[in-house]
Amino acid sequence: KINIRKRQEEILKYVQEREELSVNELIELIPASPATIRRDIASLSDEGLILRSHGYVHNVEENSPILPLKTRTIIASHEKEQIAKKASELVESGMTVILDSGSTCLAIAVAIKDKEITVVTNSIEICSALVPTDIKVICTGGIMENRHLCFLGRDANMFIEKIEVDIGFIGATGVRANRGFTTSSPLQYDFKRQLIKASRKQYIVFDSSKFYSANLYMFAGYSDKFTGIVTNNSKDELAQDQLSLMRNHGIDVILSDT
């Protein structure tokens, strides 16, 4: 099962990077038999993670206004679970916690579901995940952003402006080398900046693949005032260089075991 998951993660990565490629190209790129690759493609298509048409595979995001949560959670899912486990160690009973939207923060919500805490979030998926628990959940409200299943905009920002919490976990969709942490949306930029201001301790959370995925809007720089980051331990040279630079800037770097 691990091999299947890793192989399907690779297929998703190629499809998302190129937006569209042929089945034959995937067969050449992935070290498995053509029959195995075709089964993986069929499985991913059935789940709604990719689209197929006449020998080609297409990125769902390009063709649909809603990017399924499964697409975000399947990639680096093991790493995100380990990051969430490490982040959960920072959360103590009685705390008020802000959780940003995104698959890594969703994993953190699952990891802290048995703690006696209050959670503030703009994520519909996190609210849903915490329904069966005893956690007190406060949702920001705002304008629903369909692709990421969260609330953003002026009302969401104003809600966060009025509160202060013990600890905040803020997701990053990319890391700009030697500079800081990025997101792809100006609305996300505004909201993440508010989360940092509203939290006594602030941790930016992301998996190591984000070192290769810088986006347009940088919501926090290495020299800005925030507590630290939580990510997975990677032997990749770029990741190691950036983590070292973050430490030099006084950022608390917390690494999961794997």
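In the block above lies the structure referred to throughout.
First, a word on scope: everything that follows refers to the structure included in this document. (Residues numbered from 1 in each chain as written. Predicted model: local features only at pLDDT ≥ 70, side-chain atom pairs only at ≥ 80, totals over all residues. Heavy atoms only, no water.)

### Observations regarding the overall build of the chain
1) Next: Counting secondary structure elements, the chain contains eleven helices and 15 strands.
2) Next: The C-alpha extent of the chain, read off along each of the three principal axes, is 55 × 40 × 35 Å.
3) Next: A total of 258 residues make up the chain; the buried ones form 48% of that total.
4) Next: If you take every contact in the chain between residues at least 6 apart in sequence, the share linking residues at least 24 apart comes to 64%.
5) Next: Carbon and sulfur atoms make up 48% of the accessible area of the chain, which amounts to about 12,700 Å² in all.
6) Next: The distance from the centre of the 31 positive side-chain charges to the centre of the 34 negative ones in the chain is 2 Å. (Helix = DSSP H or I, 4+ residues; strand = E, 2+ residues; numbered from the N terminus. Buried < 20%, exposed > 50% of the residue type's maximum accessible area, 1.4 Å probe, protein only. Contact = heavy atoms within 4.5 Å. Areas by Shrake-Rupley, 256 points an atom, 1.4 Å probe, with all protein chains shown as cover. Lys, Arg positive; Asp, Glu negative; His and termini not counted. Charge placed at Lys NZ, Arg CZ, Asp CG, Glu CD.)

### A short note on the pattern of salt bridges
1) Next: On inspection of all chains with the given rule, the structure shows ten salt bridges.
2) Next: Two residues, Asp166 and Arg200, come together in a salt bridge whose shortest N-O distance is 2.6 Å. Separated by 34 residues along the polypeptide, Asp166 in strand 9 (residues 165–171) and Arg200 in strand 12 (residues 199–205) bring together distant segments of the chain.
3) Next: Salt-bridge contacts for Asp207 lead to Lys210; the nearest nitrogen and oxygen are separated by 2.7 Å. Comparing Asp207 with Lys210, the two get one shared label, buried. (Salt bridge = Lys/Arg side-chain N within 4 Å of Asp/Glu carboxyl O.)

### Some thoughts on the sheet that holds strand 6 (residues 136–139)
Remark on secondary structure: sheet strands pair via backbone hydrogen bonds, oriented parallel or antiparallel.
1) Next: The strand order across the open sheet formed by seven strands is 6-5-4-9-12-14-15, and the pairing between neighbours is parallel. Each edge of the sheet is formed by a strand with only one pairing partner; in this case those strands are strand 6 and strand 15 (252–256). Each neighbouring strand pair of the sheet contributes to a mean axis angle of 20°, computed without reference to strand direction.
2) Next: Bridge count for strand 12 against strand 14 (residues 228–232) is three bridges, and the pairing is parallel. (Pairing = 2+ DSSP bridges. Axes fitted to C-alpha atoms, helices over the stretch in contact; angles between N-to-C directions.)

### Some details on helix 3 (residues 34–46)
1) Next: An ideal rise of 1.5 Å per residue puts 18 Å on 13 residues; helix 3 measures up with 18 Å between its terminal C-alpha atoms.
2) Next: When we look at burial in helix 3, the residues that qualify are Thr36, Ile37, Asp40, Ile41 and Leu44. All buried residues of helix 3 project into a common sector of 140° when viewed along the axis, lining one side. Set apart from the buried face of helix 3 by more than 90 degrees, the exposed residues are Arg39 and Asp46. (Expected span 1.5 Å × (residues − 1). Arc of directions from axis to C-beta.)

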